[in-house]
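# Commentary on secondary and tertiary structure
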Amino acid sequence: MGKTLLDKVWDLHTVRELPNGQTQLFIGLHLIHEVTSPQAFQMIREKGLRVACPQRTFATVDHIVPTDNPNRPYADGLAEEMMVALERNCRDFGVKFFNFASGEQGIVHVVGPEQGLTQPGLTVACGDSHTSSHGAFGAIAFGVGTTQIRDILASQTLALTRPKVRRIRVSGALRPGVYAKDVILAVIRRLGVNGGIGFAYEFAGETIDRMTMEERLTICNMAIEGGARVGYVNPDRTTVEFLRGRPYAPRPEEFKAAESWWLSMASDRDAVFAERFLGRRRAGAASRLGHQPRSNRRGDGDPPSSGAIQNRQGRPGRGVQIHVLRSRRARARGQNRCGVHRQLHQRTHVGPARGRPRRQGASRGQRGSGDRGARVPKVQREAEAEGLPEVFRAAGFEWRNAGCSMCLAMNPDKLKGREICASSSNRNFIGRQGSPTGRTLLMSPAMVAAAAVQGRVTDVREML
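Predicted, not measured: the structure shown is a model, and the values here were computed from it. (Residues numbered from 1 in each chain as written. Predicted model: local features only at pLDDT ≥ 70, side-chain atom pairs only at ≥ 80, totals over all residues. Heavy atoms only, no water.)

### A few points about the overall build of the protein chain
For clarity, the cut-off: Starting at the N terminus, helices and strands are each numbered in turn, a helix being any DSSP run of H or I of at least four residues and a strand any DSSP run of E of at least two. Exposure classes here rest on a 1.4 Å probe applied to the protein chains alone. A residue is buried below 20% of its type maximum, exposed above 50%, and partly exposed in between. Residue contacts follow a heavy-atom distance rule, with two residues in contact if any of their heavy atoms lie within 4.5 Å. Methods summary: accessible areas were calculated by the Shrake-Rupley approach with a probe of 1.4 Å, and residue burial reflects only the protein chains presented.
Per the secondary structure count, the protein chain includes 13 helices and 18 strands. Relative to its full complement of 464 residues, the protein chain shows a buried share of 60%. Here the analysis covers contacts within the protein chain between residues at least 6 apart in sequence; of these, 73% occur between residues at least 24 apart. A total accessible area of about 19300 Å² is found for the protein chain, and carbon and sulfur atoms account for 49% of it.

### A word on the environment of Thr4
Let me state the cut-off plainly: Think of a polar contact as two N or O atoms within 3.5 Å of one another; within protein, one of them needs to be a possible hydrogen donor and the other a possible acceptor, and neighboring residues in sequence only count if both atoms come from side chains.
In this structure, Thr4 sits in the segment before helix 1 (5-12). Setting aside chain neighbours within four positions, we find Thr4 in contact with Val165, Tyr232, Ser267, Ala271, Val272 and Phe273. For Thr4, the side chain forms a polar contact with the main-chain nitrogen of Asp7, separated by 3.1 Å.

### Here we look at the pattern of salt bridges
To keep things clear, this is the line we draw: The salt bridge definition used is simple: a Lys or Arg side-chain nitrogen within 4 Å of an Asp or Glu carboxyl oxygen.
For the coordinates displayed, the defined rule picks out 22 salt bridges. One network of salt bridges, with partners in common, ties together Lys3, Asp7, Asp11 and Arg162.

### Concerning helix 12 (residues 388-395)
Applied cut-off: Starting at the helix axis, one direction is taken to each C-beta atom, and the arc is that of these directions.
Within helix 12 the residues assigned to the buried category are Leu388, Pro389, Val391, Phe392 and Ala395. In a view along the axis of helix 12, the buried residues occupy a sector of 165°, so they form one face of it. Seen from the open side of helix 12, the exposed residues pointing more than 90 degrees away from its buried face are Glu390 and Ala394. Gly396, located one to two residues past helix 12, shows a positive phi value of around 110°.

### Brief notes about unusual backbone geometry
Where the residue is not glycine, phi is negative for most of them; where a peptide bond is considered, it is trans in most cases. Positive phi outside glycine occurs at Gln156, with the angle close to 65°. In this fold, Gln156 is placed in the loop between helix 5 (146-155) and strand 8 (157-160).

### Considering the nonpolar core
Selection rule: What makes a nonpolar core is a set of buried Ala, Val, Leu, Ile, Met, Phe, Trp, Tyr and Cys residues whose side-chain atoms join them at distances within 4.5 Å.
Val61, Ile64, Ile140 and Phe142 are the most contacted members of the largest nonpolar core, which has 42 residues in total. Counting only elements with at least two residues in this core, the list comes to helix 1, helix 2 (38-46), helix 3 (77-93), strand 7 (140-143), helix 5, strand 8 and strand 11 (230-233). With 6 residues, the single largest contributor to this core is helix 3. Of all hydrophobic cores here, the second largest spans 33 residues; its members include Ile208, Ile219, Val233 and Phe255.

### A short note on the sheet that holds strand 6 (residues 123-126)
Quick note on the threshold: Two strands pair if DSSP finds at least two bridges between them. Axis geometry follows a simple rule: fit a line to the C-alpha atoms, using only the stretch in contact for helices, then measure angles between N-to-C directions, giving values from 0 to 180 degrees.
The strand order 5-4-3-6-7 describes an open sheet built from 5 strands, whose pairing is parallel. Two strands close off the open sheet at either side, each with one partner strand: strand 5 (96-98) and strand 7. Across the sheet, the mean angle from the axis of one strand to that of its neighbour is 20°, orientation sign disregarded. As paired strands, strand 3 (residues 29-32) and strand 6 are joined by 3 bridges and run parallel to one another. Across the sheet, Leu31 pairs through a bridge with Cys126, a residue of strand 6. Those strands touched by helix 3 are strand 3, strand 4 (57-60) and strand 5, and its axis lies near 145° from that of strand 5.

### Examining the pairing of strand 9 (residues 164-171)
Let me state the cut-off plainly: Look down the strands so they point away from you; if going from the first strand over the helix to the second traces a clockwise path, that crossover is right-handed.
One ladder, built from 6 bridges, connects strand 9 with strand 10 (residues 199-204); its direction is parallel. Residue Val165 lies in a different strand from strand 10, and its bridge partner there is Ala200. Once the chain exits strand 9 it traverses helix 6 (residues 180-191) before rejoining the sheet at strand 10, and the crossover so formed is right-handed. Where strand 9 lies against strand 12 (residues 275-277), 3 bridges are found, and the strand directions are parallel.

### A short note on the confidence of the model for the protein chain
Here is the rule we go by: Summary of the metric used: pLDDT quantifies the predictor's per-residue confidence within the range 0 to 100.
Across the protein chain, the average pLDDT comes to 81, with 74% of residues at 70 or higher. Confidence drops under a pLDDT of 50 for residues 296-316, and excluding neighbours within four residues, the segment shows 46 contacts in the predicted structure. Predicted confidence is poor over residues 357-375, with pLDDT under 50, and the contacts of this stretch with residues over four places away or in other chains come to 35 contacts.

This is how it looks when you write it as structure tokens:
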């Protein structure tokens, strides 16, 4: 009987089965950031412990960093305290820190893939629920809490319950103007925000197979929004080619062997799944997918629904006036001939998920770090090569630095009052983006760009 990728990875990383039925699981890659790690480090300090495998833990800063002005000290005293703690902990415990001085700072779920740290067949943990993103590489990746971060630091293991696996198959070609974010929003709408509890989601089918790694990251990132702690895509040639030449990928003389092993980790053809969704008899036709800009979840646990925000005709979402836009990388096509709608000036943010901030003089924590020759990260370099900063600025956007920004409003980027935000981020419960009376619509970067031009929710297909 064949095995799923989850079962293969789980079995390879099992240290022992615990009396309570859980598994003590070895963690191959541990990613940390400034918000959820300080307390964990403090706990191991108090017990006189060291980090068991510092070479398997990597840090970056993303949640609390201002995206407009990175100068230190930060105006927010708590943010500065978190940053100082992360710097001290990485230094004292020998943890690699992708800080500003290195030129490699960025959102934690982008740093891992861009560095080649995230690889097929690994177990990956991070103190962030959207760690499921890393499953795009055929890894089993999950978010953890602060006490679990402590356990990983101290032992490189976790006690976990093995999830069941639901295979979600999407077939067919996406219509022009429909993207990966639309696919995963459709899946969540059909299965519900609690539909994945107790499951890992395996995303498969020809639609997924054709996706780039960035698109697969979008799909897996939001598995947690459907209740699944884990979401993954089987590794294939696309995965392999993305990893080739990355800083932490296997060296050229070792790459062929690694490639063979990575591909072997894919679910077997005769693998047994606990459930299948959109299978052969209920094929998920990608060609029928449209746009579902989603607003806040209702408190009864129903799927994200645009019903909470309606236009004047009572129809969900479409035509609703937008006050704020936030996208990590909105689509630039057409922006060189279309400007941001007049009502949105100064409230449209876009920026790379990883990149070096503008240099504005030496700051605390960076002095003497020799960042003058720091390499510009790949995401920022590609954006600059495409001329995206100039395109967006000319259209009226603010080009920001890398950070989580308004995704969770732990920095100055927040909604104000009853503003409605069009966002390409991933979560939008009431108050998440700063204002208890504000509302957020989740949509693809292309839909965000369309809303920027029109000042309201607009079907981007009408503009292509």
